[in-house]
Amino acid sequence: MLSTIQPPRCLSRFPIRGRTKSRSLHILSSAQPVTATSLTDHSQILSIRDSLLSRHLSAVQLTQSYLDRLKQTEPQIKSFLHVCEPDKVLKQAQEIDEKIKRNEEVGPLAGVLVAVKDNICTADMPSNGGSHILEGYHPPFDATAVKRLKDLGAIVVGKTNLDEFGMGSTTEASAMKVTSNPWDLSRVPGGSSGGSAAAVSARQCVVSLGSDTGGSVRQLASFCGVVGLKPTYGREVPDFTSQFTSASSLKSRPLEGLRVGLIRETVDGGVDSGVKSAIQGAAAHLEQLGCILKEVSLPSFSLGLPAYYILASSESSSNLSRYDGVRYGNQASSDELNALYKDSRAKDLGQSSFLQVKMRILMGTYALSAGYYDAYYKCAQQVRTIIRKSFKAALDENDILISPAAPSAAYKIGEKKNDPLAMYAGDIMTVNVNLAGLPALVLPCGFVEEGAVGLPVGLQIIGAAFDEEKLLKVGHIFEQTLQGYNFVPPLIADGVFA
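Keep in mind that what you see is a predicted model, and the values were worked out from it rather than measured.

Cut-offs used in this document
Residues numbered from 1 in each chain as written. Predicted model: local features only at pLDDT ≥ 70, side-chain atom pairs only at ≥ 80, totals over all residues. Heavy atoms only, no water. Helix = DSSP H or I, 4+ residues; strand = E, 2+ residues; numbered from the N terminus. Rg over C-alpha atoms; globule rule 2.2 N^0.38 Å. Contact = heavy atoms within 4.5 Å. Lys, Arg positive; Asp, Glu negative; His and termini not counted. Charge placed at Lys NZ, Arg CZ, Asp CG, Glu CD. Phe/Tyr/Trp six-rings, centres within 6.5 Å; stacked < 30°, edge-to-face > 60°. Buried < 20%, exposed > 50% of the residue type's maximum accessible area, 1.4 Å probe, protein only. Lys NZ or Arg CZ within 6 Å of the ring centre and 35° of its normal. Axes fitted to C-alpha atoms, helices over the stretch in contact; angles between N-to-C directions. Parallel < 35°, antiparallel > 145°, perpendicular 65-115°, else oblique. Nonpolar A, V, L, I, M, F, W, Y, C, P; charged D, E, K, R; others polar. Salt bridge = Lys/Arg side-chain N within 4 Å of Asp/Glu carboxyl O. Expected span 1.5 Å × (residues − 1). Arc of directions from axis to C-beta. Core = buried A, V, L, I, M, F, W, Y, C linked by side-chain atoms within 4.5 Å.

With that settled, consider the overall build of the protein. Each helix and strand in the protein was counted, giving 15 helices and 11 strands. Over its C-alpha trace the protein gives a radius of gyration of 22 Å, about what one expects of a compact globule, namely 23 Å for 498 residues. Restricting the contact set of the protein to residue pairs at least 6 apart, pairs at least 24 apart contribute 75%. Seen as two clouds, the 50 positive and the 49 negative side-chain charges of the protein have centres 2 Å apart.

Okay, here's the thing in structure tokens:
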């Protein structure tokens, strides 16, 4: 899930009681620096809820402000593949207002606009997975995550762009369009959940859902200057907000004694100097908060990238075999079965210029083929076990581990197009966490001097399995105490799309 630290300009126009800093999974805000009088120690979601229940702000007003910004910014950013009809969204907001007027109970996410990555099913909107082969597909059901959001009162505003079937690191591999980074429209937002990150960064929605197989929430959270949470594999994250402490109540060293391990391999060669400097600054800030910082070595860290791509490509080869025009996907016209398979896939599958889907099918088929299974797939699974053990050993001696979320800031659109290996290498910071099945939180911690005003850098905080509570607590305190940064894209902060 993705969120921002600072709230939207439109919210500062209303007498909102509530601070604007996000609380990762539960705090997701939208856009623009605010005055001291509009700040609160609550999360953005809790601020919205307080404002609605106190009648200081109506759900219709809030929703309209986001829809207006989405309409203004979407032609430049291209975050969405499908936007729900405004009348339908406003009707849901009006129903929330009417419930509040009748003093009826509303859900904790009432009035919160949520964007959903287009590989997550929604019953009332298309779900194309960023691929032409599923173009026009309308699922008959909502994914569990979407259903639960709606049950809690959230309003789904649209479906966001992604690399086709989630295969890519820039969102340039979408078959539909290329999404731009709100910090610099000439740069990528990251991937594969690039539309979700860009939508939150541009304050087109309050919070968005993504998916993270190898870093597809965390890498782009770093690129777009937002907060991204990847939970433990298989984890349903509880509500931890009641355990958060407000900034005014924090002790001078609120993280006293917390053992933090900085992964040495993530700040050695191959990491941009600006990113390294930002991470070192974040580490120093943690020390000021009372943490005990030391470097830790994970010798198997460099093995994660090749192991991940063997495993991911193998799974892609297996899973995408269903998109043949018969079982799933749009069907080409043909009188012969083999030709039907061939034409259906050739016409609609992997049609972006990056050819990520076809490359991964070919690589995965090779890795799983007779005579090569043991040499590649089985070996990659063994490396995965080594990585899990090395992380466990490091987390036995440390409460959390930290690293950059990406070795560089966002790069130019098209910069990696002819060098797929360089694009794959950009996932080095995140894939090990997925292989180990661990939770990780990324939040903005600084900038590098690129672009017009600098580009954001994200700090990745890694915890032991099922220890999201600790990650969210540390992230919350880090956000509350970090000074001197404004993680609002210039096109929003300068009032271009206010």
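Now that the structure is up, let's keep going.
What follows concerns the packing of aromatic side chains. A full pass over the atoms with the stated rule returns 13 aromatic pairs. Consider the rings of Tyr-373 and Tyr-377, whose centres lie 5.3 Å apart with planes at 40°: the pair is tilted. Look at Tyr-373 and you get partly exposed, because its relative accessible area is 37%. Here a set of aromatic residues connected by ring pairs shows up, and it is made of Trp-183, Phe-447, Tyr-485 and Phe-487. Lying over the aromatic face of Tyr-66, Arg-69 brings its terminal NZ or CZ to 5.9 Å of the ring centre.

Running from amino to carboxyl end, helix α7 (residues 273-288) crosses helix α14 (residues 468-481) at an angle of 100°, the nearest separation of the two axes being 11 Å. By the angle class used here, α7 and α14 are roughly perpendicular. For the pair α7 and α14, contact is made by Ala-282, His-285 and Leu-286 and by Val-474, Phe-478 and Thr-481, respectively. When the residues that make up the contact of α7 with α14 are grouped by side-chain class, the tally is 4 nonpolar, 2 polar and no charged.

It is worth spelling out the pattern of salt bridges at this point. What the rule picks out here adds up to 18 salt bridges. Residue Lys-88 pairs with Asp-124 through a salt bridge whose shortest N-O separation is 3.3 Å. Residue Lys-88 is located in helix α3 (residues 86-101), and its partner Asp-124 is located in the loop between β3 (113-117) and α4 (144-151); the two are separated by 36 residues in the primary sequence. Looking at Asp-124, the relative accessible area reads 34%, which means it is partly exposed.

Bringing helix α10 (residues 356-368) into the picture now. Here α10 spans 18 Å end to end across 13 residues, near enough to the 18 Å set by a 1.5 Å rise per residue. Burial in α10 covers these residues: Gln-356, Val-357, Arg-360, Gly-364 and Ala-367. Buried residues of α10, viewed axially, fall in a sector of 95°; they line one side. Those residues of α10 that are buried lie in contact with α8 (304-319), α11 (374-397) and α12 (420-425).

On to the nonpolar core. Ranked by internal contacts, the top residues of the largest apolar core, which has 73 residues, are Leu-286, Phe-391 and Ile-402. In terms of residue count, the dominant contributor to this core is α11 (7 residues). Those residues within four positions of Leu-286 in sequence are excluded, and the remaining contacts are Leu-255, Val-260, Cys-291, Ile-402, Val-474 and Phe-478. Grouped together as the second largest cluster of nonpolar side chains are 50 residues, Val-114, Ala-143, Val-156 and Val-226 included.

Limitation: the analysis is restricted to geometry and does not speak to function.
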